[in-house]
Amino acid sequence: MKPITKHDIQAYLETFMNKSIYIHLETTTGAYSAHKDESSMTVVAFIRNAKVKYHQAKITGNGPFRVGLKMEEGWIYAEGLTDWIYNDQNQLLLAGHNSEGQLAIALQLSEIPFKH
Amino acid sequence: MKEHVLIILPHPDDESFGAAGIIALKRKAGIPVTYACGTLGEMGRNMGNPLFANRETLPFIRKTELENACKAMDIQDLRMLGLRDKTLEFEDDEQLADLMESIINDVEPTLIITFYPGYAVHPDHDACGAAVIRALERRPKVRRPLTYCLAFTNDRFDKIGEPDVTIDITEVADIKLNALKAHRSQTEGMLKLMEEKLLNKDPEAMLWFEKEVFYTYKWKD
């Protein structure tokens, strides 16, 4: 993955617009968070291969970045995004990593279901 | 009865952290070791520093790392169970036990190593251990192999006491280090810190390569 460049991401977000797509949205502190430090709650959420369609999309912020996708009846939002790749499966993978290279958040868009 | 060790743990690298030493000692003694690994650690957080993995490539990378770690430990029978990281506790409990039972029946091990249910921190660890225990409890007590459990919750000493099995692994410390190194995506950062500590003879770091401790599971019936 490489550091996010806003205009590239904006362009890719627009290519998925008004299409029925699969989404992977995840945020995680790691499963050991409370084990290492009792004051630090362990929080993890992910949804994989939810099917959505959005008609507005924007990337904002000066890094780390935020992405908001507006759907007919709701929103998808992710904050803390730092890196990206558009892979050979035509999937847009956005992720937020901390200084040690650990993933803290992921937002991924694809026209085909994500594997595994 | 011919000795055979069966390791059942959910994530690639669980075996290297918790049992690489005992595995290496068993292999040196010519005892077969089967490792049933539940998932490919698809939800791992460590993506390399600098980054070399992403959410979609990580399973493939970790599969290769797992195979390399098994080579380092000389495990010749690796079975990947195809479960998904972070989901074990949400599977049907009986079906998960069925899966463990089929492997146990196939291998007929004399020693099983798994996680101590309720004392292994990660929900997948607890669910994996619970499924193994559930499968074994379906057998009459006399047919259950010796079962060693890994426990590391902060409350373990209060709740289940001191571990009753301590294995000196100093003669295979290099194998354990190589197994951990094989899981590069997950261990590289930690090992860099560890190597400095080892050079300074930090007692906590030394422990990783000096001994492994287990709780013999005590059957409730």
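In the nomenclature of an unreviewed UniProt entry, chain B corresponds to Bacillithiol biosynthesis deacetylase BshB2 from the organism Metabacillus sediminilitoris. Regarding chain B, the relevant UniProt record gives this comment under Cofactor (unreviewed entry): "Zn(2+)".

As recorded in an unreviewed UniProt entry, chain A goes by DUF1806 family protein and comes from Metabacillus sediminilitoris.

J.: Would you mind showing me how to read the interface of chain A and chain B here?
T.: Buried accessible area, meaning the area lost when the parts come together, often serves as the stated size of an interface. Tallying the contact residues gives 28 residues for chain A and 22 residues for chain B. Here chain A and chain B share an interface that buries about 2200 Å² over both sides, 55% of which is from carbon and sulfur atoms. Three residues, A:Tyr32, A:His35 and A:His116, lead the burial of chain A against chain B; their summed loss comes to 28% of the area buried on that side. Where chain A touches chain B, the interface holds two salt bridges. A:Arg48 serves as the salt-bridge partner of B:Glu56, at 3.0 Å between the closest nitrogen and oxygen. At the junction of chain A with chain B, the criterion picks out nine residue pairs in polar contact (both at pLDDT 80 or more). Taken together, the residues that form the side of chain A that touches chain B break down as nine nonpolar, 13 polar and six charged.

J.: Honestly, the pattern of salt bridges in this entry has me stumped. Any pointers?
T.: Pairing between side chains of opposite charge can happen when the charged atoms of each approach one another. Residue and element names in this part refer to chain B. Considering all chains together, one arrives at 21 salt bridges over all chains under this definition. A salt bridge links Glu108 to Arg143; its shortest N-O distance comes to 3.3 Å. Of this pair, Glu108 sits in the loop between helix 3 (93–107) and strand 4 (111–115) while Arg143 sits in the loop between helix 4 (123–137) and strand 5 (146–150), and the two are 35 residues apart along the sequence. Looking at Arg143, the relative accessible area reads 44%, which means it is partly exposed. Among the ionic pairs, Lys181 bridges to Glu195, the shortest N-O distance being 3.6 Å. With Lys181 in helix 6 (residues 173–182) and Glu195 in helix 7 (residues 184–199), this residue pair connects regions lying 14 residues apart in the sequence. Overall, Lys181 belongs to the partly exposed group, its relative accessible area being 39%. According to the relative accessible area criterion, Glu195 is partly exposed, its value standing at 32%. Salt bridges sharing partners connect three or more residues here, namely Asp93, Glu94, Asp98, Glu101, Arg134 and Arg138.

Parameters at a glance
- Residues numbered from 1 in each chain as written.
- Chains lettered and ligands numbered in written order.
- Predicted model: local features only at pLDDT ≥ 70, side-chain atom pairs only at ≥ 80, totals over all residues.
- Heavy atoms only, no water.
- UniProt positions renumbered as here; feature names shortened; annotations may be inferred.
- Contact = heavy atoms within 4.5 Å.
- Buried area = accessible area lost by both parts, 1.4 Å probe.
- Salt bridge = Lys/Arg side-chain N within 4 Å of Asp/Glu carboxyl O.
- Polar contact = N/O pair within 3.5 Å; in protein donor to acceptor, adjacent residues only side chain to side chain.
- Nonpolar A, V, L, I, M, F, W, Y, C, P; charged D, E, K, R; others polar.
- Helix = DSSP H or I, 4+ residues; strand = E, 2+ residues; numbered from the N terminus.
- Buried < 20%, exposed > 50% of the residue type's maximum accessible area, 1.4 Å probe, protein only.

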